[in-house]
Amino acid sequence: MDDDSPADRLRLAIDMFEFGLGMQRARLRRERPDADESVIDAAIDEWLLSRPFEPLGGGRGRPSARFA
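Cut-offs applied
Residues numbered from 1 in each chain as written. Predicted model: local features only at pLDDT ≥ 70, side-chain atom pairs only at ≥ 80, totals over all residues. Heavy atoms only, no water. Salt bridge = Lys/Arg side-chain N within 4 Å of Asp/Glu carboxyl O. Helix = DSSP H or I, 4+ residues; strand = E, 2+ residues; numbered from the N terminus. Buried < 20%, exposed > 50% of the residue type's maximum accessible area, 1.4 Å probe, protein only. Axes fitted to C-alpha atoms, helices over the stretch in contact; angles between N-to-C directions. Parallel < 35°, antiparallel > 145°, perpendicular 65-115°, else oblique. Left-handed = near helix turned anticlockwise from the far one by under 90°. Contact = heavy atoms within 4.5 Å. Nonpolar A, V, L, I, M, F, W, Y, C, P; charged D, E, K, R; others polar. Expected span 1.5 Å × (residues − 1). Arc of directions from axis to C-beta.

Section: the pattern of salt bridges
Applying the stated rule across the entire model yields five salt bridges. For R27, the salt bridge is made with E31, and the minimal N-O distance between the two is 2.4 Å. A residue pair is termed a helical-turn pair when its members lie 3 or 4 positions apart in one helix, as R27 and E31 do in helix α1 (residues 6–31) at four residues. By relative accessible area, which is 31% here, R27 ends up partly exposed. Judged by relative accessible area, which is 47%, E31 ranks as partly exposed. When salt bridges that share partners are traced, they join R25, R29, E37 and D41 into one network.

Some points on the packing of α1 against helix α2 (residues 37–49)
Their axes nearest at 10 Å, the elements α1 and α2 cross at an angle of 125 degrees. Classified by the angle their axes make, α1 and α2 are oblique. In terms of crossing hand, the pair formed by α1 and α2 is right-handed. In contact with F17, G20, L21, Q24, R25, L28 and R29 of α1, α2 contributes E37, I40, D41, A43, I44, W47 and L48. Its residues assigned to classes, the contact of α1 with α2 shows eight nonpolar, two polar and four charged.

Observations concerning α2
The end-to-end C-alpha distance of α2, which contains 13 residues, comes to 18 Å, matching closely the 18 Å that a straight helix rising 1.5 Å per residue would cover. Residues I40, A43 and I44 constitute the buried set of α2. Axial view of α2: buried residues confined to an arc of 100 degrees, hence all on one face. Elements in contact with the buried residues of α2: α1.

Structure (structure tokens):
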């Protein structure tokens, strides 16, 4: 990976993020087979905004509002 350009590394990071979203979406569909797409989308949004290791907001940095 040392020969990869910054653009290649960014593309890889974006691909991995999109793959993770797909995996989470598949898990939610298995858990909620009767849910329509809007319910799954809302659950994905909630998942992206959650900070599971800092439920009270005591982690380093600010909570992200990027997906809100």
